[in-house]
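Architecture and fold: a report
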Amino acid sequence: MRIVLDRPRCEGHGLCEEAAPQLMHLDDEGELVLHREEIDEADAAAANAAARVCPVAALRIA
C-alpha cells in the first residue's frame, strides 16, 4: 500500500498530521512531508483516516 500526496492540491491544513503523525508532518513552512510512502497494514487505518479528513482531497491510498 502507498500513500500518495498531490502536492499542488495540499494547502497545509494539518488535519492529516493530527490523524497520522507517525506518517507525516508539516514542516516549518507549512508543507506536508510524508515520512514514507509505503505503508504497512499496521499504519493503514491511520493513513485512511488522514486521507478522509483532508479538506482538499490531497491524499489518497493506492
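We now turn to the structure provided with this report. (Residues numbered from 1 in each chain as written. Predicted model: local features only at pLDDT ≥ 70, side-chain atom pairs only at ≥ 80, totals over all residues. Heavy atoms only, no water.)

1. As for the overall build of the chain
Secondary structure summary: the chain contains two helices and four strands in total. For the chain, the N- to C-terminal ordering of α and β elements is β-α-β-β-α-β. Compactness check: the chain gives a C-alpha radius of gyration of 10 Å against a globular reference of 11 Å for 62 residues, within 12% of the reference. Counting only residues that meet the buried cut, the chain has 35% of its 62 residues in that class. At a minimum sequence separation of 6, the contacts of the chain that also span at least 24 residues come to 59%. Here the chain contributes 6 positive and 13 negative side-chain charges, whose respective centroids are spaced 8 Å apart. (Helix = DSSP H or I, 4+ residues; strand = E, 2+ residues; numbered from the N terminus. Rg over C-alpha atoms; globule rule 2.2 N^0.38 Å. Buried < 20%, exposed > 50% of the residue type's maximum accessible area, 1.4 Å probe, protein only. Contact = heavy atoms within 4.5 Å. Lys, Arg positive; Asp, Glu negative; His and termini not counted. Charge placed at Lys NZ, Arg CZ, Asp CG, Glu CD.)

2. Topic: helix H2 (residues 41–53)
Between its first and last C-alpha, H2 extends 19 Å over 13 residues, near the 18 Å set by a 1.5 Å rise per residue. Listed as buried for H2 are Asp43, Ala44, Ala46, Ala47, Ala49, Ala50 and Ala51. Looking at the buried side of H2, the elements it contacts are strand E1 (3–5), helix H1 (15–19), strand E2 (24–26) and strand E4 (59–61). (Expected span 1.5 Å × (residues − 1).)

3. What about the environment of Val53?
By the secondary structure assignment, Val53 is in helix H2. Taking the relative accessible area as the measure of exposure, Val53 reaches 36% and is therefore partly exposed. For the pair Val53 and Ala20, spaced 33 residues apart in sequence, the C-alpha to C-alpha distance is 10 Å. Excluding anything up to four places from it in sequence, Val53 contacts Leu15, Cys16 and Ala19.

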